[in-house]
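Structural characterization, general
Listed below are the residues making up each chain.
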Amino acid sequence: MQARRIVSLFLAVLLVTGLAGCAKPSVENGTDPPTSAVVEEDASIVHTTEDWPTYYDPGVGSDYSDSTTMVNVYDALVFPMPDGSIRPHVAKEWTVSDDYLTYTFTVRDDVKFHSGNLMKASDVAYSMNRMLEIGEGYAYLYKGVVEKCYATDDTHVVFELSQPFGPFIHSLIRMLIVEEDLVKQHYDLTDNTYGEKGDYGKKWLLTNDAGSGPYKTKEFKLDEYFLGERFEDYFLGWEEGAPKYFKISGMVEPVAVRTAMANRELEITDEIQPLENYMAMDAFEGVDLVTFRSGNTFNMMLNTKAKYTDDIHLRKAIAYCFDYETLRTSIYPGAGESRGPVATVLPGFDPTVQAYSRDINKAKEHLAQSKYAGEKITLNLTWCAEVPEQEKIALLLQSNLAELNIDLIITKKPFGSMIADAQTVETTPQISFVNFAAPYFEAGGMLKTRYHSSSCGTWEQMEWLQDPELDAMIEDALSTVDDEARFAKYAEIQHYIYNLCPTIWGFNWVERRAVQSYLRWNAIDAMNQNADYFMPMGYALWAHDMKIVK
Amino acid sequence: MVLRWLQRIGVYFLVLLGLSILVFVIARVIPGDPARQALGPRVSEETVQALREKLNLDKPLFTQYVLWFKGAIRLDLGDSLLTRRPVIEDVRRYLPATLEIVLLSAVFMAAGGILFGIVATKYTGKWQDALIRVLSYLGIVSPPFVWAVLFMLLFGYIIPVLPTTGRIAQSVAAPTRMITGMYTVDYLLTGNLAGWWDAFKHLLLPSIALMLGGMAQAARLTRSNMVENSMKDYIQAQQAYGVPEKKLLYKYLLKPSLIPTISILALDIAAVFGNAFLVENLFNYPGLSRYGLSAMLNKDINAISGVVMVFGLIFILVNILSDMVVAWLDPRVRLMGGADV
């Protein structure tokens, strides 16, 4: 009798726990339903992994997995090419006014959204205005630049700028186009964040798309993966062998990635695996290692307003005593030499800028010229907890500085805390480690974001340069529309910054991924032909041009 | 009796209250600005400030807690900064997956632990006993994530016979009706045996990785208690009366020997929820523990509080259950008013 009661009670508790916790979640506002999409066993799929979470609403997303997913689901007016140039995409052509303040784009009339509706110029204007109003994602690229955006008819859209902006066309690779009518149908009006626009469709666009890109959403499980299915009506058409599905999962655990690669459950790995894991995967039969240079750089930012690092000679002493070779051979093998403030792969980089290299005698000379010569110097360094390899770099720098009798106190902090520290000169440490990704492939974006005074107080410029002369030079260069003239001005700026030595430019990133050999991918072809393959964040994994050859 | 239970429930309520305060404060004092982290480093300060206000982060900590608590008693745990959904909806979505894994672990743990304990007792001093003891030590000293990595490499890579990621294969459709949210149960209820088998295979490695430590503990305890009890007078007397060995073992020896095992099993089952944080992440298994880990790494304050409170509640429920089972097994506990059964 008692036993029966116990069993009944146990079952009752199980039932209550189960039903309370397991009731069917609501699917209001279009959040992903708890079902799983079926992919046929023999279907061609490109499955890749990336750090999670992913937000693919073009008004919201901006990091690596966001960008990768967005460029596969949405289209921009222009498209980046591996050589750093830009080609028309959704825009057929464009004209620029004489004062370089008005850009008029002619939008193709054969671009279909996933809903089947044709894209109109008003969709482009709506997308830009929505992005600016939300203020998230890549909006920072256009804030203060784009004053007005509107359509004049179904195929013409006008961008009015507040000032001439040379890299404007380059920056448009980040302005992805949503279908206005569809998004408007999904405004959540119970949320009044954006007034009469409710939530601007943000909740719905978390797991649904309103795009025209090569892949349409088949399923998006917010905490797990995005699964896209080929959009057969894609305006660029399809070649034979193009993958039917594109999947990106939030799975970066080395063992899981390695096992999935071995079992052919994964076509391309993420780029953040430990080196040993890439080496192990490279040894698998049918798996290749692909490396290509990216526009990312590793920076040791020196706070030029803090004691000790405010002295240019001390900064140069640090620059000359650091062991770049060990960094590039032992910690980040294969990484490219960093030469000044602009990534070497970016159009506008000046090849005459030289790299700082280790020269302990020069370091000692500069230290002797410093106003702090003879003092016992102790510096503070913060590295980013999310990037464990940085600890090795910090220790390397510590041992190098010891040769100059400089002490280095190393602190590990989450990136969120580093951002908070960057808000004032006083809280910014003397040295901060930051990886920086160019938002679009052009030197101007990097120079403005990294060294213009407007970025002081953010993580992007912990140097606190606040140099009016430099600001004027950057503004002048950015407002120069002629590429040749602008690049000449960029060159001058790069030399100017190089001489100030506000940063120890560690290295240019090399993106490394393990890939199944049955995958045809432009990055592999470029590597095999010793050609360069520079694609801005996300565009490298544009699955439309990939092929599965089994 | 009723009073004693009311007292106990009062204590549990206080535990939950204390836990809620603790986790609420910890989630907010650890470094990093949740609003900034949610919106990204390049979003303007005004946009970030607006989110801070929406999250009440601009208010004093005490006011923030009161507002959160008022919501929590209405089952409104706020919105997750990561999934941008209400936390309670995320809990409903991810908890069944974790419950499924934990329940299977619990079954393996209890059945395996008790079975190995009995076998070791029966063969005390022989090689079977020695082998079980050595394996038990191995189970106890190795944390579940180590087993998880080993199993992944062994059964996913070297002998690829079991799936190592997710809840079901991409080629298998999810249950047509979500009744409990636990795929194995829902497949059975909807009569999809192929789906059930696929979901069950996906559960095996994480469940086994999670239960080994608890099973080893249970086996050792069962064995030592059975050996100890077998020396007692009442067992000697039963033997002298010629009670058959099987009856003696299962009816008179096992039942009293299980009491400490049950108590420890309850704690071990509750601990599985904690260990699942790493194991679910390794197997890319979309459960509440993995969700909780993402929440912690991304400083998703509402989700952190929500997950910890749910696990706290489950911990208490498991303890109540264990008290009841112990009371059933041990008349002394019952008679002293340990439980109203």
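Bear in mind that the values here come from a model prediction, so they are computed numbers and not experimental data. (Residues numbered from 1 in each chain as written. Chains lettered and ligands numbered in written order. Predicted model: local features only at pLDDT ≥ 70, side-chain atom pairs only at ≥ 80, totals over all residues. Heavy atoms only, no water.)

So, about the overall build of chain A. Within chain A one finds 16 helices and 18 strands. In terms of C-alpha radius of gyration, chain A reaches 26 Å, essentially the compact-globule figure of 24 Å for 550 residues. Counting only C-alpha atoms, chain A reaches 80 × 80 × 50 Å along its principal axes. Looking at chain A residue by residue over its 550 residues, the buried ones come to 60%. Contacts in chain A between residues at least 24 apart in sequence constitute 71% of all its contacts with a sequence separation of at least 6. On chain A, roughly 20,500 Å² of surface is accessible, and the fraction owed to carbon and sulfur atoms is 50%. In chain A, which carries 48 positive and 81 negative side-chain charges, the distance between the mean positions of the two groups comes to 4 Å. (Helix = DSSP H or I, 4+ residues; strand = E, 2+ residues; numbered from the N terminus. Rg over C-alpha atoms; globule rule 2.2 N^0.38 Å. Buried < 20%, exposed > 50% of the residue type's maximum accessible area, 1.4 Å probe, protein only. Contact = heavy atoms within 4.5 Å. Areas by Shrake-Rupley, 256 points an atom, 1.4 Å probe, with all protein chains shown as cover. Lys, Arg positive; Asp, Glu negative; His and termini not counted. Charge placed at Lys NZ, Arg CZ, Asp CG, Glu CD.)

To continue, consider the sheet that holds strand β13 (residues 377-384) of chain A. All names here are of chain A. Spatially, the 6 strands line up as an open sheet ordered β12-β16-β11-β15-β13-β14, and their pairing is mixed. Edge positions in the sheet fall to β12 (336-337) and β14 (406-413), since each has one partner strand and no second. Most of the contacts of helix α13 (residues 443-451) go to strand β11 (residues 287-302), to which it runs at about 40°, and overall it touches β11, β15 (431-437) and β16 (503-516). (Pairing = 2+ DSSP bridges. Axes fitted to C-alpha atoms, helices over the stretch in contact; angles between N-to-C directions.)

Residues and elements named next belong to chain A. For β13, a buried count of 6 out of 8 residues is recorded, marking the element as mostly surrounded by other parts of the structure. Two elements, β13 and β14, share 8 bridges in a ladder whose sense is parallel. Opposite L379, over in β14, you have L408 as the bridge partner. Of the crossover connections in this fold, the one passing from β13 over helix α11 (residues 389-402) to the parallel β14 is right-handed. Pairing of β13 with β15 involves 2 bridges; the strand directions are parallel. Of the residues in β15, the one forming a bridge with L381 is I431. (Right-handed = clockwise from strand over helix to strand, strands pointing away.)

Okay, the domain arrangement of chain A next. Residues and elements named next belong to chain A. In terms of domains, chain A is made up of domain 1 (74-183) and domain 2 (294-509). Distance between the C-alpha centres of domain 1 and domain 2: 33 Å. On the domain 2 side, the residues contacting the 13 residues of domain 1 number 11 residues. Each partner contributes to the roughly 1,100 Å² buried at the junction of domain 1 and domain 2, and carbon and sulfur atoms together form 70% of this total. Here domain 1 is connected to domain 2 by 0 salt bridges. For the interface between domain 1 and domain 2, the tally reads 1 residue pair in polar contact (both at pLDDT 80 or more). Per-class residue counts for the side of domain 1 that touches domain 2 are 8 nonpolar, 4 polar and 1 charged. (Domains from an automatic or database assignment. Buried area = accessible area lost by both parts, 1.4 Å probe. Salt bridge = Lys/Arg side-chain N within 4 Å of Asp/Glu carboxyl O. Polar contact = N/O pair within 3.5 Å; in protein donor to acceptor, adjacent residues only side chain to side chain. Nonpolar A, V, L, I, M, F, W, Y, C, P; charged D, E, K, R; others polar.)

Attention now goes to the state of the cysteines. Residue and element names in this part refer to chain A. A complete count under the given rule lists 0 disulfides over all chains for this structure. In this structure C321 is not part of a disulfide, and its nearest cysteine sulfur, from C501, lies 11 Å away. Relative accessible area serves as the criterion here: at 0%, C321 is assigned to the buried category. (Disulfide = S-S within 2.5 Å.)

We now examine the pattern of salt bridges. According to the stated counting rule, one finds 34 salt bridges over all chains in the structure shown. In this structure, K371 of chain A engages D310 of chain A in a salt bridge whose closest nitrogen and oxygen atoms are separated by 3.5 Å. In this pair, K371 of chain A sits in the loop between α10 (360-369) and β13 while D310 of chain A sits in the loop between β11 and α8 (312-321), placing the two residues 61 residues apart along the sequence. Using a relative accessible area of 55% as the deciding quantity, one classes K371 of chain A as exposed. Residue D33 of chain B pairs with R52 of chain B through a salt bridge whose shortest N-O separation is 2.5 Å. You can see D33 of chain B sitting in the loop between α1 (2-29) and α2 (34-39) and its partner R52 of chain B sitting in helix α3 (residues 45-54), a full 19 residues away along the chain. You'll find D33 of chain B and R52 of chain B in the same group, each marked buried. What you see here is one network of salt bridges that share partners, running through E50, E271, E511 and R513 of chain A.

Moving on, we come to the packing of aromatic side chains. Inspection of the entire model under this criterion finds 48 aromatic pairs over all chains. Geometrically, the ring pair formed by Y356 of chain A and W505 of chain A is stacked, given 6.4 Å between the ring centres and 25° between the ring planes. Of this pair, Y356 of chain A sits in the loop between β12 and α10 while W505 of chain A sits in strand β16; the two residues are 149 residues apart in sequence, bridging distant segments of the chain. The pair Y356 of chain A / W505 of chain A is uniform in exposure class, with both members buried. Judged by centre distance (5.0 Å) and plane angle (10°), the ring pair of W196 of chain B and F200 of chain B falls under stacked. Placement of both W196 of chain B and F200 of chain B in helix α9 (residues 193-230) is noted, with a separation of 4 residues, approximately one turn of the helix. An aromatic cluster of three or more residues is present, and its members are F79, Y215, Y234, F235, W238, F246, Y539 and W542 of chain A. When the ring centre of Y55 of chain A is taken as origin, the NZ or CZ atom of R84 of chain B, which lies over that ring, is 4.0 Å away. Sitting over the face of the ring of Y183 of chain B, R167 of chain B holds its NZ or CZ atom 3.7 Å from the ring centroid. (Phe/Tyr/Trp six-rings, centres within 6.5 Å; stacked < 30°, edge-to-face > 60°. Lys NZ or Arg CZ within 6 Å of the ring centre and 35° of its normal.)

So, about the packing of helix α6 (residues 127-141) of chain B against α9 of chain B. All names here are of chain B. Two elements in contact, α6 and α9, have axes separated by 8 Å at closest approach and are oriented at 140°. Between α6 and α9, the angle falls in the class oblique. Two packed elements cross with a definite hand, and for α6 against α9 that hand is left-handed. Seen from α6, the contacting residues are D129, R133, S136, Y137, G139 and I140; seen from α9, they are L212, G213, A216, Q217, A219, R220 and R223. A breakdown of the residues in the contact of α6 with α9 according to their chemical character gives 5 nonpolar, 4 polar and 4 charged. (Parallel < 35°, antiparallel > 145°, perpendicular 65-115°, else oblique. Left-handed = near helix turned anticlockwise from the far one by under 90°.)

The next thing to look at is empty space enclosed by the protein. All names here are of chain A. One pass over the full model with this rule turns up 3 cavities of 30 Å³ or more. In this structure, the second largest cavity occupies an estimated 70 Å³ of space. In terms of lining, the second largest cavity is formed by Y64, S294, G295, N296, A437, A438, F441, E511, M535, P536 and M537. Considering each element in turn, the lining of the second largest cavity owes the most residues, 3 residues, to β11. (1 Å grid on protein atoms, 1.4 Å probe; cavity = no way out; pocket = protein on both sides within 12 Å on 5 of 7 lines; lining within 4 Å. Points joined across faces, edges and corners; volume = space filled by probe spheres on them.)

All names here are of chain B. The geometry of helix α11 (residues 245-282) relative to helix α13 (residues 301-329) is characterised by a closest axis approach of 9 Å and an angle of 170° between their N-to-C directions. With respect to α13, the axis of α11 lies roughly antiparallel. Between α11 and α13, the residues in contact are K255, L258, I259, I262, S263, A266, L267, A270, F273 and F277 and V307, F311, I314, F315, V318, N319, S322, V325, V326, W328 and L329, respectively. Taken together, the residues of the contact of α11 with α13 break down into 17 nonpolar, 3 polar and 1 charged.

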